[in-house]
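Below, each chain spelled out in residue letters.
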Amino acid sequence: MKTSDDPKTSGTTFDVKQLTRVYGEGPAAVHALRGVDLQIPKGDLVVLLGASGSGKSTLLNILGGLDRATDGQAHFFDKDLTAMSDAQLTRYRRHHVGFVFQFYNLMPSLTAHENVDLVTEISDNPMPADEALDLVGLSHRQDHFPAEMSGGEQQRVAIARAIAKRPTVLFCDEPTGALDSTTGRQVLRVIQDVNANLGTTVMIVTHAAATAAMAHRVIHMADGAVREVIENETRLSAEEIEW
Amino acid sequence: MVSPLDRKLLRDLWRMKLQSFAIALVIAVGVLLLVMMDGLVNSLAQTRDAYYDRYRLAEVFAPVKRAPDHLLDRIAAIPGVSAVEGRVVGGALVDVEGQTVQVRARAVSLPEFREPRLNAVYLAEGRRLDPRRLDEILLLQGFADAHGLEPGDSLTATMNGARHTFRIAGLAQAPEFLYSTAPGELAPDDSRFAVLWMNEEALAAAFDLDGAFNEALVSLDRGASEPAVIDALDRLLDPYGVTGAYGLEDQISNRFIHEEISGLRASSRSVPPVFMGVAAFLLYIVISRMIESERTQIGLLKAFGYTSAEIGAHYLKFILVISVGGVLLGCGLGVMSGHALSGLYQQYYKFPFLIFRVDPSAFITAIVVSVASASAGGFIVLRRIFALAPAAAMRPPAPADFSSSARLVAALRRFLDQPSRMIVRRIARQPMRSFAASIGIAVGMGLSVAMLGVLGGFDKAVELNFNVIDRSDANVSFVEPLGEKTIYELKRLDGIIEVEPFRSVPVVLRNGVKSHRGALDGLTEDAELNRAMRDETHQVYARKDGIVLSKPLAAKLDIGPGELVTVDVREGRRPVLTLPVVAVSQSLLGAPAYFELSALNESLEEPGRVSGAWLRIDPAKQQDVYEALKNMPAVAGVSLKDEARDALQRMMDEGAGATRYYMAIIAAIITFGIVYNSARIAFAERAHDLASLRVLGFTKSEASYVLLGELGLITLAALPMGAFIGTGLAGAIAAGFSTDLYTIPAQVGFSNVGSGALAVLIAALIAGWLVKRDVDRLELVSALKSRE
Ligand SMILES: Nc1ncnc2c1ncn2[C@@H]1O[C@H](COP(=O)(O)OP(=O)(O)OP(=O)(O)O)[C@@H](O)[C@H]1O
Ligand SMILES: [Mg+2]
């Protein structure tokens, strides 16, 4: 594990300390994160594994600026996400974050192409929506509405939407959960390419343990905490993954 | 290129087109009312002013018994007087075929060889008077039309006791006779009031006024003081038998039209805001619920890094399209219906032309109110959503908190089946939202209930006046106050069952700076046929020791029982009395004041004089009685209650009150709009749940039952609130409709509430049926999918 006191020079994208997230209060309180410590080096492709309810989505949401921690710190380079104002968080999401949600979360009244446009509209250096859709193999469906697409196709649109802005960090919450092995590999290939070619830091939450083989770093979560971090000596390419 | 958010906007609008239209319509009718009323008031006032100006209506009228023409030069010399005209006017009785009694008329002179300097005449048909002919007249057009008289016809009239037969040269109108009421009556009736314009020489001869005039007309210099001129006129004309010069504001026709316009203005200021307020409230509720249902999408936009300002702007556009669309539609419809209605008013008031104009401030008010209330609804919800972290906003709203409703549901378990429990649980889970939905429907119902109450109030005004206050069949007035002997003569007539004398004198009532020019009616102590009433069942008896004021008059003078009022009598020896107010009576028509008959006569030092009498007539001998009255020289005119009642009804239906029907329709549209929107939104909010239910194996009717049952409960809860709100609104609307001419009582009865509730229920049924069709058609897969 790399450690350094100065994250700016170390190339650490995220430096997380004692991150806690409690939903609700009193006897009904749910401790989704109970003190997470974690470092993600810049350019890493990280896979998060863990049982359902272990806090993976919660962690991703906080690192993606979608939610706020109850306690602890989470540095994105030299900026502490937990100390940011709403406006700063908005700018952070706008300029740095690509998100693929566990549920596809497409705008029902916009076509595939327009769903991608929705994000490229407000980014500084986006790739054209056509190109992003082409990357996920959906250029022929670009004028279809979400209701006219299968779950896997919707998920691929969501991925195109996330990578089209060329984000600094890409969060994928179970991106392949609904996909068959061929499309699943295809999607992972895209993500791997983004990571390799653009240097994007990627965090993937998945239940498919085999996916871990393509990561630089595998994080096991249990009960709201990090139980184990494994650095892979050798990595498989997306096509080689057992499904 | 259209931005993706704008595309979303357009598609969402299209998807919700029916609902958007329903909202826009509610705004539109509120605006319609505002613009229409404003346009009406403006155009009537401006048309009147232009008409007065073009036909040189005098500003001061000075009636005298007889004054020599050379006095006119001295009047012209009074400081502040800009023009003077002297003329002869007199009373006449016109014989008309088909009319049971003779019609009262006014004969007015016109100079032979020039245009009148003041009070010119608009010739509508035929030709001007031939200056050489003494038997030609111009006849008031309204009267001629009512009796089918045309130029070339002849007309017989009694003037100064002699019968004359005239040829009608032309039909005319004049600003001083815009509003022609039979004397002693309040409501105008074309068929029962005539004006004959004649050559001065002919009329002067008929009234023995050669070389003299009996009315001076005066117009004023700009900025001149009217009271000063009136004072000077009264002093100058004192030796010639003045009854007091008066300004235009006391001229009968002008006063009526002024009352009508200010009545209309009052309702235009108070009624549309009530409607707009209701529409605005609805808008607020609907928009806030619509945006609430977009919550996950808002969270998503935030997750992408859209700023609150950008998202706010997106929804503002959405709100603007609907509300500005509604405002524009309303302005268009308002101008159109204002134009149409003012056309009717033009006929009713007999303006020879019409100026239609809406004050731009009405448009601005409409836009500001609608847009502001719609935006408020949007922004309050947006702020709440923005306050959430995007991760929370993206989750479906309000994570089910069953704990509060769990006990209730558990208690109900034994009585309710599963779908019914779902209804109860939903309402219990979001009591505020259910309450807001109920309030929305209640306000809509309140508006309808209030309008029904006001419609009933108009009938009630007529009913109270003609069945409770006035129980006579007819009223006779004498040419001048006569001795009681005439009463005995009337009593002896075969067919007259009862005779009740009265004396009526022109007075100015004063309390400090507040004053009222009107009549003081002397009634007998035991008056039966025409009475003052405290309420529907209790009479107020006229008293010798003080006067009874009607409620509107007491309000106008700001005076109550026990206080002293100054009575400036404008007849006979013209005494100025100070009398206590002894009681206040109910009056829905006019603003009368009552005094005991003999006490009134005593104060005038004219014992035993009466101005006329109220009669009860045996229906079988009606014709004989009228025939006999026609031949009594003392009788100046007879007015039949039925005719007076019809005239009043017509005044309410065609005058300022005519807008009430528009308002009732608009209230109904708003009520339906509210109910329909509530159903639509409930459906949108529940579509996903309903689809889930269906997937779980619930039947279509069970699914609809869950939705409509909730809607039904919310609607039922709205009914009592609606009744309550309606009662409050009725007061405000009725006050807006009441003028100095008549008071509209605001009484919301059981039947009004019943009808209002029924309307809401019918609206709920129709809305429910429309929504049920959608539930039945619900495509399970896409409904489930559409939630991301
Ligand atoms: N809004 C919320 N309110 C209350 N509890 C929540 C909320 N969101 C998540 N939780 C709880 O926090 C814990 C962690 O949830 P999280 O979604 O992070 O799990 P996860 O690891 O992503 O699970 P999965 O693999 O099933 O997606 C769970 O126990 C969950 O029930
Ligand atoms: Mg998860």
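The rules behind the values
Residues numbered from 1 in each chain as written. Chains lettered and ligands numbered in written order. Predicted model: local features only at pLDDT ≥ 70, side-chain atom pairs only at ≥ 80, totals over all residues. Heavy atoms only, no water. Salt bridge = Lys/Arg side-chain N within 4 Å of Asp/Glu carboxyl O. Helix = DSSP H or I, 4+ residues; strand = E, 2+ residues; numbered from the N terminus. Buried < 20%, exposed > 50% of the residue type's maximum accessible area, 1.4 Å probe, protein only. Domains from an automatic or database assignment. Core = buried A, V, L, I, M, F, W, Y, C linked by side-chain atoms within 4.5 Å. Near = heavy atom within 4 Å. Polar contact = N/O pair within 3.5 Å; in protein donor to acceptor, adjacent residues only side chain to side chain. Areas by Shrake-Rupley, 256 points an atom, 1.4 Å probe, with all protein chains shown as cover. Nonpolar A, V, L, I, M, F, W, Y, C, P; charged D, E, K, R; others polar. Pairing = 2+ DSSP bridges. Axes fitted to C-alpha atoms, helices over the stretch in contact; angles between N-to-C directions. Contact = heavy atoms within 4.5 Å. pLDDT = per-residue confidence, 0-100. Phe/Tyr/Trp six-rings, centres within 6.5 Å; stacked < 30°, edge-to-face > 60°. Lys NZ or Arg CZ within 6 Å of the ring centre and 35° of its normal. Expected span 1.5 Å × (residues − 1). Arc of directions from axis to C-beta.

(A) Structural context of the pattern of salt bridges. Enumeration according to the criterion identifies 40 salt bridges over all chains in this entry. The shortest N-O distance in the salt bridge between D67(A) and R21(A) comes to 3.2 Å. With D67(A) in the loop between α2 (56-63) and β4 (71-76) and R21(A) in strand β1 (residues 12-23), the pair connects residues that are 46 residues apart, well separated along the chain. Accessibility expressed as a relative area gives 6% for D67(A), which makes it buried. As a salt-bridge pair, R15(B) and D12(B) come within 3.2 Å of each other at their nearest N and O atoms.

(B) Looking closely at the domain arrangement of chain B. Annotation of chain B at the domain level lists domain 1 (1-59 + 256-398), domain 2 (60-255) and domain 3 (470-648). Taking only C-alpha atoms, the centre of domain 1 of chain B and the centre of domain 3 of chain B are 50 Å apart.

(C) Region of interest: the nonpolar core. Ranked by internal contacts, the top residues of the largest apolar core, which has 181 residues, are F14(A), Y92(A), F171(A), F275(B) and I733(B). Here this core takes 20 residues from helix α2 (residues 17-54) of chain B, the largest share from any one element. Counting 42 residues, the second largest nonpolar core, distinct from the first, contains L139(B), L149(B), M159(B) and L203(B).

(D) Highlighting the site of ligand 1. Taken together, 15 residues sit near ligand 1, with S52(A), G53(A), K56(A), S57(A) and T58(A) positioned nearest. More than one chain lines the surroundings of ligand 1; the residues nearby belong to chains A and B. Note that an oxygen atom of ligand 1 is positioned 2.6 Å from one of the side-chain N or O atoms of S52(A). In isolation ligand 1 exposes 630 Å². Once the protein is present, 67% of that is buried. Mapped by element, the contributors of at least two residues to the shell around ligand 1 are β2 (30-41) and α2 of chain A. The dominant element in the shell around ligand 1, judged by the number of residues it contributes, is α2(A), at three residues. Residues that form the shell around ligand 1 fall into these classes: four nonpolar, eight polar and three charged.

(E) Summary view of the sheet that holds strand β9 (residues 217-222) of chain A. All names here are of chain A. The mixed open sheet is built from six strands, whose spatial order is β6-β7-β8-β3-β9-β10. Unpaired on one side and paired on the other, β6 (97-100) and β10 (225-231) mark the two borders of the sheet. Between one strand axis and the next, the sheet turns through 15° on average, direction left out of account. When strand β3 (residues 45-50) meets β9, the two strands line up parallel, connected through five bridges. Its bridge partner being in β9, L49 is matched across the sheet by H220. The strands touched by helix α6 (residues 151-164) within the sheet are β6 and β7 (169-173), with β6 carrying the most contacts at an inclination of about 175°.

(F) Representation of the pairing of strand β8 (residues 201-205) of chain A in the model. Residue and element names in this part refer to chain A. Within β8, five of the five residues are buried, which leaves the element mostly enclosed by the surrounding structure. Neither face of β8 is exposed, since T201, M203 and V205 on one face and V202 and I204 on the opposite face are all buried. Bridge count between β3 and β8: four bridges; the pairing is parallel. Residue pairing across strands places L48 opposite V205, the latter belonging to β8.

(G) The confidence of the model for chain A, seen in detail. Taken over all residues, the pLDDT of chain A has a mean of 87, while the share at 70 or more is 95%. This stretch, residues 1-9 of chain A, has a pLDDT under 50; its non-local contacts, to residues over four places away or in other chains, come to nine contacts.

(H) Summary view of the packing of aromatic side chains. In the structure shown here, the tally under the stated rule is 15 aromatic pairs over all chains. Look at Y51(B) and Y55(B): their rings are 5.3 Å apart centre to centre, the planes differ by 75°, and that puts the pair in the edge-to-face class. Given a relative accessible area of 0%, Y51(B) falls into the buried group. Residue Y55(B) is classed as buried on the basis of its relative accessible area of 17%. Between Y51(B) and F351(B), the aromatic rings sit 6.1 Å apart at their centres with planes inclined by 90°, giving edge-to-face as the arrangement. Here Y51(B) is found in helix α2, whereas its partner F351(B) is found in the loop between α9 (308-349) and α10 (360-387), with 300 residues between them in sequence. An aromatic cluster of at least three residues, connected via ring pairs, comprises F14(A), F76(A), F77(A), Y92(A), F99(A), F101(A) and F171(A). Of note, K17(B) hangs over the ring of W14(B), and the distance from its end group to the ring centre comes to 4.3 Å. Just above the ring of W769(B) sits the side chain of R773(B); from NZ or CZ to the centre is 5.1 Å.

(I) Region of the structure containing unusual backbone geometry. Residues and elements named next belong to chain B. Despite not being glycine, N160 shows a phi value in the positive range, around 50°. Within the secondary structure, N160 is located in the loop between β7 (154-159) and β8 (162-173). Phi at D208 takes a positive value of approximately 55°, unusual for a residue other than glycine. Mapping D208 onto the fold places it in the loop between α5 (200-206) and β10 (212-220).

(J) Looking closely at the sheet that holds β10(B). Residue and element names in this part refer to chain B. Taken in spatial order, the four strands line up as β2-β10-β1-β11 in an open sheet, and their pairing is antiparallel. A strand with exactly one partner marks an edge of an open sheet, and here the two such strands are β2 (81-87) and β11 (246-247). Pairing of β2 with β10 involves six bridges; the strand directions are antiparallel. Along β10, the bridge assignment pairs E85 with L217.

(K) Seen up close, helix α6 (residues 226-237) of chain B. All names here are of chain B. Counted at 1.5 Å a residue, the expected span for α6 with its 12 residues is 16 Å, and the 16 Å between its end C-alpha atoms agrees. Within α6, burial applies to V229, I230, A232, L233, L236 and L237. Down the axis of α6, the smallest arc covering the buried residues is 165°, so these residues share one side. Turned more than 90 degrees away from the buried face of α6 sit P227 and R235, all of them exposed. Looking at the buried side of α6, the elements it contacts are β1 (60-68), α3 (71-76), β2, β10 and β11. Sitting at the amino-terminal end of α6 is S225, which places a side-chain oxygen 3.2 Å from the backbone nitrogen of A228.

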